[in-house]
Amino acid sequence: MNGFLRFLTSARTSWIVLVVAFAGVAALFALGSGAESETAPDSGLPDSAESVQVEKILESFPDADTTSALLVFASEDGEALPPETVAAIQQKAFGDLVDLTPDGFIPPPQVSEDGTVALLVVPLTPEEDVAAQSERADEIRALAADGLDDVVTYLTGPEGFEVDIAAVFDGADFTLLLTTVIVVAVLLLITYRSPWLWLVPLVVIGTADASAGIVARRIAALAGVQLDASVTGILSVLVFGAGTNYALLLIARYRDELRLAEDRREAMRRAVRGAGPAIIASGSTVALALATLLLGELSGNRALGLACAIGVVVAMAFALLVLPAALVLFGRWLFWPYVPRFGSPDAVARSPWGKLGRAVSKRPVVVALTGAVVLGALASGLFFVQTGLSQNDRFLQKPDAVKGQEVLAEAFSAGATSPATVMAPVADAQAVVEAAGNIEGVDSARVVEETSDWTRIDVTLTASAETPEAFATIERLRADLDSVGSGQTLVGGLDAQALDVTGAQERDQALIIPLILVLVFLVLVILLRALLAPVLLLIAVVASFFSAVGAAWWLFQTPLFGFPAIDTNVLLFSFLFLVALGVDYSIFLVTRAQEETRTLGTTNGMIRALAATGAVITSAGILLAAVFAVLGVLPLITLTQIGVIVCIGVLIDTLLVRTVIVPAMAFIAGDLFWWPRKPKVTDAEAAGAAASEVPATRVDRKRTPVS
């Protein structure tokens, strides 16, 4: 280990590390990712899902190679469309729009009962190229609106939603990355109060982010996993957040070691040796927790787990290998104007965090109970949380397709815009139509087309799309139609797909959340070689998660957000990030406390650990919270909700749990905190040494590092 650290930091070899690292990065860029990310995420359901089976059968139908755009024409004043306007809309079915259809035919427009809305269904050939699809959509909009006064035109349906979702993610990675870089740069500048120190970790972590994106796409392609824009966006946020945290921890330790060692390279070796175990334990915890997503049913969960686990490992490697080599290239002047001088006084002794730790140690039970009450109050929103967002509710700003869908839902039957697609064997078709028509919640059922084996039946529901009422009707359809004919009838469509996604997400949560807790507990046990401390730390971080969700729900109900519900996958991702990342700060604190306990006893060791780590952990927590809040720049409610919940949770972990609750629990438990292991110096021995004026620290203690 010493030889490796010398190679990493010595004057003759540290530059080799940088050359090799950046040559490797250059090779990655030259090689490329080898895969293009999708513009937007798909449902990610497994082949066993009933809605997916329906989609596969649909591929055998004559119209399988077509899609459709729904053109909605609505009166601006809410009055019935004039006959000449309806005639003009009907004429469009025979005009230039026909040239865009595969068969040269557009069905006549449908007019609502009150005459205020007309619907024109335009058959189209599926377009794989996103830019070409967007250009075609613009042409359709222009042709539809041409010559129509006092009429609002919307493009919706499958084509409309694909184009609008593509627009949401167009340039999303760049916007998110740019905002993240600006936030990290500003916070690093404030933290270090140096005009140039912040540039070193920013360049290193930025390079790590770019490398992680390429490596993740390469490995995902080999594994047959597709990374969409939402996954790569979260990947960048996580790499910047975790990587910057590790950099803050290492640089803080390096700064303190510069006070204790005259040679900056020796100081860096000590810093890596001291902070390295905590960084490795932290990164391993996050990576293992993310890897549990690989066991999920939804491909989106697996993609996120794979990409982000790779990203954390890359960030950890750059923080422990590249950053030390980069920092030692410069002298102490890098910290100007606050240069750490050799032999300068111990800053830990004057830390306000040490004073806070001593205050908590005097009344730990009161502090712990007060902290629990605060967490409970924040978590009260859990009693009112609603989950599940429809496709129309997932955008911060409603695009054209959503507005058109809402107009259709008001003007026509609520479920007319997204009928359930029922696949029945040809011999059972008539019986299925009759049975479906008699099921509660069904408005109508009709045969659309058939092949030699299957008949497609469109079932219109009375409820609006993706509502609890629509889901209940889909469940009744599936249950009742299983007993009709051969029992091979399948129910698909938009509502069925949303229902299947919700069920798969619930199964993923039931599997992955316990696994995350077990993995985090095992890592803590191995790291601390104790049982009670890991249990207490896990309880604290889970409590902060519930508090974050409850507090976020109250915030979501304010006019600032006005979200009707939390999306189905938000809770799982938020739990994953908060538990894995939130426990990091406790790891940073408790590993330092474990180090100090060897000479100071549990109570004084925890006080000194809090004094030593308070400033850097607070800075890291605020920075990580701000980085996750950046997800709000994307116009998708799901990512905004993840960002807000994680931001609140990290702040709770940083400012309340790690600051007072964890130390209070340690003070209450005393030496039992490390049970079943007995600390080298107990509190009683430390108190006895202090009473007899015999130092409880080692005689030759020359260094008081800060991590």
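Everything discussed here concerns the structure shown above.
Parameters and conventions
Residues numbered from 1 in each chain as written. Predicted model: local features only at pLDDT ≥ 70, side-chain atom pairs only at ≥ 80, totals over all residues. Heavy atoms only, no water. Patch = residues over 30% accessible without salt bridge, like charges linked within 9 Å, V, L, I, M, F, W, Y side chains within 5 Å. Areas by Shrake-Rupley, 256 points an atom, 1.4 Å probe, with all protein chains shown as cover. Salt bridge = Lys/Arg side-chain N within 4 Å of Asp/Glu carboxyl O. Lys, Arg positive; Asp, Glu negative; His and termini not counted. Charge placed at Lys NZ, Arg CZ, Asp CG, Glu CD. Helix = DSSP H or I, 4+ residues; strand = E, 2+ residues; numbered from the N terminus. Buried < 20%, exposed > 50% of the residue type's maximum accessible area, 1.4 Å probe, protein only. Expected span 1.5 Å × (residues − 1). Arc of directions from axis to C-beta. Contact = heavy atoms within 4.5 Å. Pairing = 2+ DSSP bridges. Axes fitted to C-alpha atoms, helices over the stretch in contact; angles between N-to-C directions. Parallel < 35°, antiparallel > 145°, perpendicular 65-115°, else oblique. Left-handed = near helix turned anticlockwise from the far one by under 90°. Nonpolar A, V, L, I, M, F, W, Y, C, P; charged D, E, K, R; others polar.

### Structural notes on a negative patch on the surface
A surface patch of negative charge is lined by Glu76, Asp77, Glu79, Asp149 and Asp150. Following the sequence through the fold, aspartate 150 ends up in the loop between helix H5 (130–145) and strand E4 (151–156). On the basis of relative accessible area, aspartate 150 is assigned to the exposed category, the value being 58%.

### A few points about helix H2 (residues 14–31)
For H2, with 18 residues, the first-to-last C-alpha span of 26 Å sits near the 26 Å given by 1.5 Å per residue. Among the residues of H2, those classed as buried are Ser14, Val17, Leu18, Ala21 and Val25. Within H2, the buried residues cover an arc of 95 degrees as seen down the axis, which keeps them to one side. The exposed residues of H2 that point more than 90 degrees off its buried face are Val20, Ala30 and Leu31. Lining the buried residues of H2 we find helix H1 (2–9), helix H8 (199–222), helix H10 (264–291) and helix H11 (299–327). Positive backbone phi, at 80 degrees, marks glycine 32, one or two positions downstream of H2.

### Looking at the pairing of strand E6 (residues 442–450)
In the sheet, E6 pairs with strand E7 (residues 454–461) via seven bridges, with the strands oriented antiparallel. Of the residues in E7, the one forming a bridge with serine 444 is threonine 460. With antiparallel pairing between neighbouring strands as the criterion, E6 and E7 make up a hairpin whose turn holds three residues.

### What to know about the packing of H8 against helix H9 (residues 229–260)
Contact geometry of H8 with H9 gives a least axis separation of 9 Å together with a crossing angle of 140 degrees. Classified by the angle their axes make, H8 and H9 are oblique. Like other packed secondary-structure pairs, H8 and H9 cross with a definite hand, here right-handed. The residues of H9 that touch H8, namely those facing Pro201, Leu202, Ile205, Gly206, Ala208, Asp209, Ala212, Gly213, Ala216 and Arg217, are Thr232, Leu235, Ser236, Val239, Phe240, Gly243, Thr244, Ala247 and Ile251. Grouping the amino acids of the contact of H8 with H9 by side-chain chemistry returns 11 nonpolar, six polar and two charged.

### Describing the side chain of threonine 85
Note on placement: threonine 85 falls in helix H4 (residues 83–92). Take threonine 85: its relative accessible area is 10%, and that puts it in the buried class. In contact with threonine 85, other than residues within four places in its own chain, are Leu148 and Val151.

### Some words on the sheet that holds strand E1 (residues 67–75)
If you walk across this open sheet you meet the four strands as E2-E3-E1-E4, and the pairing is antiparallel. A single partner strand is all that each edge strand has here, and the edge strands are strand E2 (110–111) and E4. Here E2 pairs with strand E3 (residues 117–124) via two bridges, running antiparallel. Each bridged residue has a counterpart across the sheet, and for glutamine 110 the counterpart in E3 is leucine 119. Helix-sheet contacts for H4 involve E1, E2, E3 and E4, and the interaxial angle to E3 is about 5 degrees. Along the sheet, H5 makes contact with E1, E3 and E4, crossing E4 at roughly 155 degrees.

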